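Fold and geometry: a report
Residues per chain, in single letters:
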Amino acid sequence: MKRRDFIGTSAAASVGFMASAKTVTETNLSEKPFKLKHNINHSACYWCYGSIPFETFLQELNKLDIRAIDLVDAEQFPLLKKYNIHASMCWGAGLGIEKGWNDPQYHKELIEDYKRVIPLVAEGGYTNLICFSGNRNGMNDMVGLRNCAKGLKEIIPMAEEHGVVIQMELLNSKVNHKDYMCDKSEWGVSLCETIGSDNFKLLYDIYHMQIMEGDIIRNIQDYHQYYGHYHTGGNPGRHEIDETQEIFYPAVMKAILETGYTGHVAQEFVPSWEDKIAALKQGVTICDV
(Lines give C-alpha, C1' and ligand atoms only; values in the text may rest on other atoms or scores of the structure.)
Protein backbone atom coordinates (compact mmCIF):
# COMPACT_ATOMS: atom_id res chain seq x y z
CA MET A 1 0.00 0.00 0.00
CA LYS A 2 1.31 3.47 -0.85
CA ARG A 3 1.97 5.90 1.97
CA ARG A 4 -0.73 8.38 0.86
CA ASP A 5 -3.27 5.56 0.58
CA PHE A 6 -2.34 4.32 4.05
CA ILE A 7 -2.69 7.82 5.54
CA GLY A 8 -6.07 8.34 3.88
CA THR A 9 -7.35 4.96 5.03
CA SER A 10 -6.03 5.52 8.57
CA ALA A 11 -7.58 9.00 8.79
CA ALA A 12 -10.96 7.72 7.66
CA ALA A 13 -10.77 4.89 10.17
CA SER A 14 -9.86 7.33 12.96
CA VAL A 15 -12.78 9.60 12.18
CA GLY A 16 -15.10 6.61 12.15
CA PHE A 17 -13.73 5.37 15.45
CA MET A 18 -14.10 8.78 17.11
CA ALA A 19 -17.70 9.13 15.94
CA SER A 20 -18.47 5.62 17.16
CA ALA A 21 -16.77 6.24 20.52
CA LYS A 22 -18.71 9.47 20.96
CA THR A 23 -22.02 7.69 20.36
CA VAL A 24 -21.07 4.94 22.82
CA THR A 25 -20.09 7.55 25.43
CA GLU A 26 -23.43 9.36 25.08
CA THR A 27 -25.32 6.08 25.43
CA ASN A 28 -23.30 4.92 28.42
CA LEU A 29 -23.69 8.24 30.22
CA SER A 30 -27.45 8.20 29.73
CA GLU A 31 -27.70 4.74 31.29
CA LYS A 32 -25.06 4.99 34.04
CA PRO A 33 -26.23 5.52 37.67
CA PHE A 34 -25.52 9.08 38.76
CA LYS A 35 -24.82 10.48 42.22
CA LEU A 36 -22.98 13.73 42.86
CA LYS A 37 -20.61 14.37 45.76
CA HIS A 38 -21.47 18.10 45.83
CA ASN A 39 -18.02 19.16 47.01
CA ILE A 40 -18.37 21.46 43.99
CA ASN A 41 -21.66 23.38 43.84
CA HIS A 42 -22.69 22.66 40.27
CA SER A 43 -24.61 24.94 37.95
CA ALA A 44 -25.29 25.20 34.20
CA CYS A 45 -25.69 28.15 31.84
CA TYR A 46 -29.07 27.85 30.18
CA TRP A 47 -28.12 29.66 26.95
CA CYS A 48 -25.99 26.64 25.98
CA TYR A 49 -29.15 24.50 26.04
CA GLY A 50 -31.57 27.04 24.57
CA SER A 51 -33.09 24.50 22.18
CA ILE A 52 -34.57 22.79 25.26
CA PRO A 53 -37.64 24.58 26.71
CA PHE A 54 -36.71 26.34 29.94
CA GLU A 55 -39.08 24.39 32.20
CA THR A 56 -38.01 21.09 30.64
CA PHE A 57 -34.39 22.04 31.29
CA LEU A 58 -35.16 22.72 34.96
CA GLN A 59 -36.76 19.30 35.19
CA GLU A 60 -33.60 17.77 33.74
CA LEU A 61 -31.50 19.63 36.31
CA ASN A 62 -33.65 18.10 39.05
CA LYS A 63 -33.04 14.62 37.63
CA LEU A 64 -29.29 15.24 37.62
CA ASP A 65 -29.36 16.82 41.10
CA ILE A 66 -27.85 20.01 39.68
CA ARG A 67 -29.23 22.59 42.06
CA ALA A 68 -28.45 25.88 40.33
CA ILE A 69 -28.64 27.62 36.97
CA ASP A 70 -26.67 30.53 35.51
CA LEU A 71 -27.64 33.57 33.46
CA VAL A 72 -31.33 33.92 34.21
CA ASP A 73 -33.43 37.02 34.81
CA ALA A 74 -36.29 38.03 37.09
CA GLU A 75 -38.96 36.79 34.69
CA GLN A 76 -37.61 33.26 35.15
CA PHE A 77 -37.42 33.37 38.95
CA PRO A 78 -40.95 31.94 39.54
CA LEU A 79 -40.11 28.75 37.65
CA LEU A 80 -36.84 28.45 39.57
CA LYS A 81 -38.85 28.51 42.80
CA LYS A 82 -41.21 25.85 41.44
CA TYR A 83 -38.33 23.44 40.83
CA ASN A 84 -36.17 24.55 43.77
CA ILE A 85 -33.32 25.65 41.49
CA HIS A 86 -31.02 28.44 42.68
CA ALA A 87 -30.03 31.33 40.38
CA SER A 88 -26.25 31.23 40.80
CA MET A 89 -25.66 34.10 38.33
CA CYS A 90 -28.35 36.57 37.31
CA TRP A 91 -28.47 38.91 34.35
CA GLY A 92 -31.03 41.35 32.99
CA ALA A 93 -29.21 44.65 33.46
CA GLY A 94 -26.86 46.41 31.08
CA LEU A 95 -26.33 46.98 27.37
CA GLY A 96 -24.55 43.75 26.50
CA ILE A 97 -20.90 42.79 26.28
CA GLU A 98 -19.63 45.50 23.94
CA LYS A 99 -21.20 48.54 25.62
CA GLY A 100 -20.05 48.49 29.21
CA TRP A 101 -18.78 50.38 32.20
CA ASN A 102 -15.53 51.52 30.57
CA ASP A 103 -17.39 54.12 28.48
CA PRO A 104 -18.84 57.07 30.44
CA GLN A 105 -21.46 57.74 27.76
CA TYR A 106 -23.28 54.63 28.99
CA HIS A 107 -22.98 55.29 32.72
CA LYS A 108 -26.32 57.02 33.23
CA GLU A 109 -28.27 54.24 31.54
CA LEU A 110 -26.24 51.49 33.20
CA ILE A 111 -26.61 52.99 36.67
CA GLU A 112 -30.38 53.31 36.27
CA ASP A 113 -30.68 49.77 34.93
CA TYR A 114 -28.56 48.13 37.63
CA LYS A 115 -30.38 50.06 40.35
CA ARG A 116 -33.61 48.63 38.92
CA VAL A 117 -32.35 45.03 38.82
CA ILE A 118 -30.32 44.81 42.04
CA PRO A 119 -33.45 44.85 44.26
CA LEU A 120 -35.09 42.23 42.02
CA VAL A 121 -32.12 39.89 42.49
CA ALA A 122 -32.21 40.42 46.26
CA GLU A 123 -35.98 39.93 46.44
CA GLY A 124 -35.56 36.63 44.60
CA GLY A 125 -33.13 35.50 47.28
CA TYR A 126 -30.11 35.53 44.99
CA THR A 127 -26.67 37.10 45.19
CA ASN A 128 -24.77 37.39 41.91
CA LEU A 129 -25.41 39.84 39.05
CA ILE A 130 -23.20 39.90 35.97
CA CYS A 131 -21.68 42.95 34.31
CA PHE A 132 -19.23 43.70 31.49
CA SER A 133 -16.39 46.13 30.86
CA GLY A 134 -17.30 46.83 27.25
CA ASN A 135 -14.95 47.00 24.27
CA ARG A 136 -11.86 49.20 24.08
CA ASN A 137 -12.72 51.06 20.88
CA GLY A 138 -9.25 52.60 20.98
CA MET A 139 -9.41 53.44 24.69
CA ASN A 140 -6.34 53.00 26.89
CA ASP A 141 -6.81 50.18 29.43
CA MET A 142 -6.01 52.37 32.44
CA VAL A 143 -8.48 55.01 31.30
CA GLY A 144 -11.06 52.27 30.89
CA LEU A 145 -10.30 50.93 34.36
CA ARG A 146 -10.80 54.36 35.94
CA ASN A 147 -14.04 54.82 34.00
CA CYS A 148 -15.33 51.42 35.13
CA ALA A 149 -14.49 52.19 38.75
CA LYS A 150 -16.17 55.59 38.62
CA GLY A 151 -19.40 54.19 37.19
CA LEU A 152 -19.56 51.05 39.29
CA LYS A 153 -19.01 52.98 42.51
CA GLU A 154 -22.40 54.56 41.85
CA ILE A 155 -24.15 51.21 42.24
CA ILE A 156 -21.94 49.41 44.76
CA PRO A 157 -23.58 51.03 47.84
CA MET A 158 -26.97 49.67 46.69
CA ALA A 159 -25.41 46.27 46.01
CA GLU A 160 -23.91 46.26 49.51
CA GLU A 161 -27.24 47.27 51.03
CA HIS A 162 -29.06 44.43 49.26
CA GLY A 163 -26.34 41.80 49.65
CA VAL A 164 -25.82 41.55 45.89
CA VAL A 165 -22.38 40.94 44.34
CA ILE A 166 -21.71 42.61 40.99
CA GLN A 167 -19.45 40.31 38.96
CA MET A 168 -17.55 41.42 35.87
CA GLU A 169 -16.85 38.56 33.51
CA LEU A 170 -13.34 37.93 32.19
CA LEU A 171 -13.69 37.16 28.46
CA ASN A 172 -11.15 36.46 25.73
CA SER A 173 -10.55 39.18 23.14
CA LYS A 174 -8.67 36.82 20.80
CA VAL A 175 -11.36 34.44 19.53
CA ASN A 176 -14.87 35.25 20.74
CA HIS A 177 -15.07 38.86 21.90
CA LYS A 178 -12.67 40.95 19.87
CA ASP A 179 -11.56 44.17 21.57
CA TYR A 180 -13.18 43.35 24.96
CA MET A 181 -11.32 45.22 27.70
CA CYS A 182 -11.62 42.94 30.77
CA ASP A 183 -9.62 40.17 29.13
CA LYS A 184 -6.88 39.54 31.70
CA SER A 185 -6.93 38.66 35.39
CA GLU A 186 -4.46 41.38 36.36
CA TRP A 187 -6.64 44.13 34.83
CA GLY A 188 -9.71 42.75 36.58
CA VAL A 189 -7.91 42.42 39.90
CA SER A 190 -6.73 46.04 39.63
CA LEU A 191 -10.35 47.08 39.11
CA CYS A 192 -11.42 45.09 42.18
CA GLU A 193 -8.71 46.78 44.26
CA THR A 194 -9.71 50.22 42.97
CA ILE A 195 -13.38 49.66 43.86
CA GLY A 196 -12.46 48.10 47.21
CA SER A 197 -15.71 46.30 48.00
CA ASP A 198 -16.50 42.64 48.66
CA ASN A 199 -19.63 43.24 46.59
CA PHE A 200 -17.61 43.54 43.39
CA LYS A 201 -15.76 40.51 42.07
CA LEU A 202 -14.68 38.79 38.86
CA LEU A 203 -16.44 35.98 37.06
CA TYR A 204 -13.49 33.79 36.10
CA ASP A 205 -14.29 31.94 32.89
CA ILE A 206 -11.77 29.13 32.62
CA TYR A 207 -12.25 28.70 28.86
CA HIS A 208 -11.73 32.38 28.13
CA MET A 209 -8.71 32.73 30.40
CA GLN A 210 -7.06 29.60 29.02
CA ILE A 211 -7.05 31.41 25.69
CA MET A 212 -5.81 34.75 27.03
CA GLU A 213 -3.32 33.89 29.75
CA GLY A 214 -3.22 30.16 30.56
CA ASP A 215 -1.62 29.25 33.90
CA ILE A 216 -5.12 28.58 35.18
CA ILE A 217 -4.31 26.88 38.49
CA ARG A 218 -1.63 29.38 39.51
CA ASN A 219 -3.95 32.30 38.79
CA ILE A 220 -6.71 30.67 40.83
CA GLN A 221 -4.26 30.25 43.70
CA ASP A 222 -2.96 33.83 43.43
CA TYR A 223 -6.20 35.72 42.78
CA HIS A 224 -8.98 33.52 44.17
CA GLN A 225 -10.10 36.20 46.63
CA TYR A 226 -11.14 38.32 43.65
CA TYR A 227 -12.94 35.51 41.80
CA GLY A 228 -16.57 35.24 42.82
CA HIS A 229 -17.77 32.69 40.29
CA TYR A 230 -16.44 30.20 37.72
CA HIS A 231 -17.49 29.05 34.24
CA THR A 232 -16.20 26.03 32.33
CA GLY A 233 -15.70 25.30 28.64
CA GLY A 234 -13.46 23.11 26.53
CA ASN A 235 -10.63 24.74 24.59
CA PRO A 236 -10.36 24.81 21.66
CA GLY A 237 -13.94 25.01 20.45
CA ARG A 238 -15.87 25.68 23.68
CA HIS A 239 -17.41 22.22 23.54
CA GLU A 240 -17.29 19.29 25.97
CA ILE A 241 -14.66 19.44 28.72
CA ASP A 242 -13.46 15.87 28.24
CA GLU A 243 -10.33 14.40 26.60
CA THR A 244 -11.17 16.15 23.31
CA GLN A 245 -9.67 19.43 24.60
CA GLU A 246 -6.62 20.70 26.46
CA ILE A 247 -7.77 21.68 29.98
CA PHE A 248 -7.66 19.01 32.68
CA TYR A 249 -10.71 20.02 34.67
CA PRO A 250 -10.39 17.64 37.67
CA ALA A 251 -7.12 19.36 38.66
CA VAL A 252 -8.66 22.80 38.14
CA MET A 253 -11.64 21.89 40.33
CA LYS A 254 -9.36 20.59 43.07
CA ALA A 255 -7.40 23.86 42.96
CA ILE A 256 -10.66 25.82 43.31
CA LEU A 257 -11.72 23.73 46.31
CA GLU A 258 -8.33 24.16 47.97
CA THR A 259 -8.87 27.94 48.03
CA GLY A 260 -11.90 27.43 50.27
CA TYR A 261 -14.33 28.51 47.57
CA THR A 262 -17.97 27.74 48.40
CA GLY A 263 -19.73 29.34 45.43
CA HIS A 264 -20.86 27.71 42.19
CA VAL A 265 -19.09 26.37 39.12
CA ALA A 266 -21.31 26.61 36.05
CA GLN A 267 -20.92 24.51 32.92
CA GLU A 268 -20.78 26.92 29.96
CA PHE A 269 -19.65 24.70 27.13
CA VAL A 270 -21.74 24.42 23.97
CA PRO A 271 -22.71 20.74 23.58
CA SER A 272 -21.68 19.13 20.31
CA TRP A 273 -23.45 15.89 21.20
CA GLU A 274 -26.94 15.20 19.93
CA ASP A 275 -27.95 14.39 23.51
CA LYS A 276 -27.21 17.71 25.19
CA ILE A 277 -28.25 16.50 28.65
CA ALA A 278 -25.84 13.56 28.42
CA ALA A 279 -23.10 16.06 27.57
CA LEU A 280 -24.02 18.16 30.62
CA LYS A 281 -24.01 15.04 32.77
CA GLN A 282 -20.52 14.19 31.55
CA GLY A 283 -19.24 17.71 32.25
CA VAL A 284 -20.63 17.78 35.77
CA THR A 285 -19.25 14.29 36.44
CA ILE A 286 -15.77 15.42 35.35
CA CYS A 287 -15.96 18.41 37.71
CA ASP A 288 -17.43 16.48 40.66
CA VAL A 289 -14.14 15.93 42.46
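Owing to the predicted nature of the structure, the values given are computational and were not obtained by experimental measurement.

1. Looking at the overall build of the chain
- Helix and strand counts for the chain come out as eleven helices and eight strands.
- Burial status across the chain gives 53% buried among its 289 residues.
- Taken as a whole, the chain presents about 13,600 Å² of accessible surface, with 51% of it coming from carbon and sulfur.

2. A short note on the nonpolar core
- In terms of nonpolar packing, the biggest core is built from 91 residues, with L152, I166 and M168 touching the most fellow members.
- In this view, L152 contacts W101, C131, I166, M168, L191, I195 and F200; residues no more than four positions away in its chain are not counted.

3. What to know about the packing of helix 9 (residues 216-223) against helix 10 (residues 249-258)
- Between helix 9 and helix 10, the least distance of the axes is 9 Å, while the angle of their chain directions is 10 degrees. If you check the angle between helix 9 and helix 10, you find them roughly parallel. Residues I216, I217 and I220 of helix 9 form the contact with helix 10, whose own contacting residues are A251, V252, A255 and I256.
- Looking at side-chain class alone, the contact of helix 9 with helix 10 contains seven nonpolar, no polar and no charged residues.

4. Observations concerning the pairing of strand 8 (residues 264-267)
- The alternating pattern of strand 8 places H264 and A266 on one face and V265 and Q267 on the opposite face, and all of these are buried.
- Bridge analysis of strand 1 (residues 41-44) against strand 8 gives four bridges, and the strand direction is parallel. Considered in strand 8, the bridge of N41 is made with H264.
- For strand 7 (residues 227-231) and strand 8, the ladder comprises two bridges, and the chain directions are parallel. If you follow Y230 over to strand 8, its bridge partner there is V265.
- Each parallel crossover has a hand, and the one from strand 7 via helix 10 to strand 8 is right-handed.

5. Overview of the pattern of salt bridges
- Under the definition given, this model contains ten salt bridges.
- The salt bridge involving K108 is made with E112; its shortest N-O contact spans 2.8 Å. Of this pair, K108 and E112 both sit in helix 4 (residues 107-124), separated by four residues, roughly a single helical turn.
- Residue classification places E112 among the partly exposed positions, given a relative accessible area of 47%.
- Note that D215 and R218 form a salt bridge whose closest N and O atoms lie 2.8 Å from each other.
- The class of R218 is partly exposed, set by a relative accessible area of 48%.
- Each member of the salt-bridge network shares a partner with another, and the members are R136, D141 and D183.

6. Quick word on the side chain of N172
- Checked against the element boundaries, N172 lands in the loop between strand 5 (165-169) and helix 7 (185-195).
- A polar atom in the side chain of N172 sits 3.1 Å from the backbone nitrogen of K174.
- Within the local environment of N172, its side chain forms a polar contact with the backbone nitrogen of V175, the two atoms lying 2.6 Å apart.
- If near-sequence neighbours (up to four positions away) are discounted, N172 is found in contact with H177, Y207, H208, M209, I211 and M212.

What counts and how
- Residues numbered from 1 in each chain as written.
- Predicted model: local features only at pLDDT ≥ 70, side-chain atom pairs only at ≥ 80, totals over all residues.
- Heavy atoms only, no water.
- Helix = DSSP H or I, 4+ residues; strand = E, 2+ residues; numbered from the N terminus.
- Buried < 20%, exposed > 50% of the residue type's maximum accessible area, 1.4 Å probe, protein only.
- Areas by Shrake-Rupley, 256 points an atom, 1.4 Å probe, with all protein chains shown as cover.
- Core = buried A, V, L, I, M, F, W, Y, C linked by side-chain atoms within 4.5 Å.
- Contact = heavy atoms within 4.5 Å.
- Axes fitted to C-alpha atoms, helices over the stretch in contact; angles between N-to-C directions.
- Parallel < 35°, antiparallel > 145°, perpendicular 65-115°, else oblique.
- Nonpolar A, V, L, I, M, F, W, Y, C, P; charged D, E, K, R; others polar.
- Pairing = 2+ DSSP bridges.
- Right-handed = clockwise from strand over helix to strand, strands pointing away.
- Salt bridge = Lys/Arg side-chain N within 4 Å of Asp/Glu carboxyl O.
- Polar contact = N/O pair within 3.5 Å; in protein donor to acceptor, adjacent residues only side chain to side chain.

Function-wise, these values are silent; they only describe arrangement.
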